[in-house]
Amino acid sequence: MNLLNAHRLGTVLLHPHWLTAALSAAVFFQFALNRGGVESVIWAAGILLCLHAAAGAYDPRTLPRRNLLFLAACGGTLLVSWVFAPEATDPARIGRIVKFAILVLAVGYLAQQRLGSRFRSWVTALTVAIVLWQFAVRHLTGSPYGTFANPHYLAYFSALLLPVLFMAASWFERPYLYLVYVVVLVDLSLVFNELRKPTIPLLAIGAGLAAFGWSVAGRRVRWAVAALVIGLGGITAVMVDDAQLGRLGLAAPSGDERTRIWADTLRMLRDNDAVDWLVGNGIGSFRNEFSGYFAPAFRDMPLPHNHALELLYENGVVIAALFVGFLAYLAWQSLRLAGSLADGDLRRLARCNLAVLAIWFVFSFLAFGVYSRYTLYPFGFLVGVFFFLMQASDNRAAGSAPTNLTMQGC
C-alpha cells in the first residue's frame with residue numbers, strides 16, 4: 001500500500017503544473033514580495049526536475065550541445081574558483097550559480113510541454129499580479145519603493161516586465177487590450193517612481209526599444225536609424241553642455257561615481273599576479289579586498305558596477321572572455337531568432353525575450369554585481385527561454401514538428 005501511495009504521489013508530482021507553480025513562485029517572490037523564499041522554490045524546481053529525470057520524462061543527455069557546453073562552463077567556473085581560491089570563494093554565490101543553472105534547465109524543459117493557452121494565462125496573470133502588488137504596496141503602505149528598499153530595484157524589476165506586458169497586449173482584443181495598457185502605465189509609474197536622475201531606466205528602456213526595433217526593421221532601415229542615432233549623439237556631445245545633461249544624471253568622466261569606482265577597480269587589477277589574471281581571485285573575493293583601494297566615499301559600495309571588471313578580478317581572463325563571448329552569441333542569435341522564426345507566437349516571444357535581455361544587461365551592468373540574485377535569477381529565465389527558442393528554430397530547420405509552448409490551444 002505504501003508503494004502504491006508513493007507511486008501515486010510520484011505521478012502527481014510529475015504533472016507540469018507543479019513545475020509551473022515553482023517557477024511562478026520564484027518570479028513572484030523575487031519581483032513582488034522581496035522577502036526571501038525565492039531560493040527555496042528554485043530548489044523545489046530542481047527537485048521536481050530530478051523527479052522528472054528519474055521517471056524518464058526528462059533526459060539531460062538529449063540536450064543540444066550548446067546547452068551542455070553552457071552547463072559545463074557554469075560547472076567549470078565553480079570548479080576553478082574552488083580549486084585555486086577556496087578560502088576566498090563565497091558559498092552563497094556558488095549556490096546562486098547552481099540555482100541559476102536549475103532555472104535555465106527548468107524553464108527550457110517546461111517550455112517543451114504542451115502548455116497551449118495556459119501559457120498566455122499564466123504569463124499575463126503573473127505579470128499583472130506583480131505590477132498591481134507593487135503599486136498597492138507603494139500607495140497603501142506609504143513605502144515609496146514598493147517592497148524594495150532602493151528605487152533602482154523597483155525600477156529594474158518593473159522595467160523587465162514592460163516587454164512582457166506588451167507581448168501580453170498582443171494576445172488580447174478590445175476591451176481587454178485597454179486593460180493591459182492601463183497596467184503598462186501603472187508599471188511605468190513604478191519604473192520611474194521617485195528617481196531624481198533616471199539615467200539607468202532611460203538607458204535600459206532605450207536599449208530594449210532599440211533591440212526590438214532592430215529585430216522588426218528591414219536592413220536599410222536598421223542602418224539608416226543607426227547612422228541617425230550616431231549623428232544625433234555626436235551633435236549632442238558637441239552642442240549640449242554638461243550642466244544640461246547632468247539633470248538626467250548622465251555619466252561624466254570627471255565626476256560620475258561609477259567612473260571613479262571603475263578606476264579604483266583597475267588599480268586592484270594591476271596588483272594581480274599572473275595566476276590571478278588567469279584564474280581570478282575567487283568568486284566573491286572583490287567585496288573582501290575593495291576597501292583598500294576605493295575612496296572613503298565609496299566604501300559602502302562593495303561592487304565595481306561593471307560585469308567585465310568584476311569577472312576579471314574574481315574569475316580571471318578566461319572566464320571573463322567566455323562570459324563576454326556568450327553574451328555576444330546570445331545577442332546575435334536572439335536578433336536572428338526575433339526575425340526568422342516562422343510561427344508568429346514564437347517570433348513575438350523571441351522579440352520579447354530580446355527586449356528583456358537588453359533591459360537586463362544595461363540595468364544589471366550598471367546597478368548590480370554579476371553574482372547578485374537580482375542579476376542571475378532573471379538571467380536564468382531569459383537563457384532558458386533562449387535555449388527553447390533555439391531548439392524550436394533547429395526543429396524547424398530539420399523539418400520536425402513545431403514546438404507547442406504557445407501554438408497549440410491558443
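Just so we're clear, the structure is a prediction, and the values are computed from it rather than from any experiment. (Residues numbered from 1 in each chain as written. Predicted model: local features only at pLDDT ≥ 70, side-chain atom pairs only at ≥ 80, totals over all residues. Heavy atoms only, no water.)

How would you summarise the overall build of the protein if you had to cite specific residues and measurements?
Scanning the protein from terminus to terminus reveals 17 helices and 0 strands. For the protein, the residues scored as buried account for 48% of the 410 residues in total. Partitioning the intrachain contacts of the protein with sequence separation of at least 6 by distance along the chain shows that 77% fall at a separation of at least 24. In the structure as shown, the protein presents an accessible area of about 20200 Å², 65% of it carried by carbon and sulfur atoms. (Helix = DSSP H or I, 4+ residues; strand = E, 2+ residues; numbered from the N terminus. Buried < 20%, exposed > 50% of the residue type's maximum accessible area, 1.4 Å probe, protein only. Contact = heavy atoms within 4.5 Å. Areas by Shrake-Rupley, 256 points an atom, 1.4 Å probe, with all protein chains shown as cover.)

An account of unusual backbone geometry is needed here, citing residue identities and associated values.
Here the amide bond leading from R174 into P175 is cis, since omega sits at 5°, within 30 degrees of zero. Notably, H305 is not glycine yet its phi reads approximately 50°, a positive angle. As for its placement among the helices and strands, H305 is situated in the loop between α14 (286-289) and α15 (307-340). For H305, a relative accessible area of 11% corresponds to the buried category.

Can you tell me about the pattern of salt bridges, naming the residues and giving the values?
Oppositely charged side chains can form a pair if their charged atoms are brought close together. By the definition in use, this model includes 6 salt bridges. For D345, the salt bridge goes to R120, with nearest N and O atoms at 2.8 Å. Here R120 lies in helix α6 (residues 117-140) and D345 lies in helix α16 (residues 344-367), a separation of 225 residues in the sequence. Between R348 and D345 there is a salt bridge, with its nearest N and O atoms 2.8 Å apart. Remark: D345 and R348 occur in helix α16; sequence separation between them is 3 residues, near one turn of the helix. Through salt bridges with shared partners, a single ionic network connects R120, D345 and R348. (Salt bridge = Lys/Arg side-chain N within 4 Å of Asp/Glu carboxyl O.)

So, α15: which residues are in play, and what are the values?
Between the first and last C-alpha of α15 there are merely 30 Å, a value that for 34 residues lags more than 12% behind the 50 Å anticipated at 1.5 Å per step. For α15, the principal kink sits at N315 and spans about 130°. Capping of α15 at its N-terminal end is provided by N306; its side-chain oxygen lies 3.1 Å from the backbone amide nitrogen of A308. (Expected span 1.5 Å × (residues − 1). Bend = angle between axes of the 7 residues up to and from the residue. Polar contact = N/O pair within 3.5 Å; in protein donor to acceptor, adjacent residues only side chain to side chain.)

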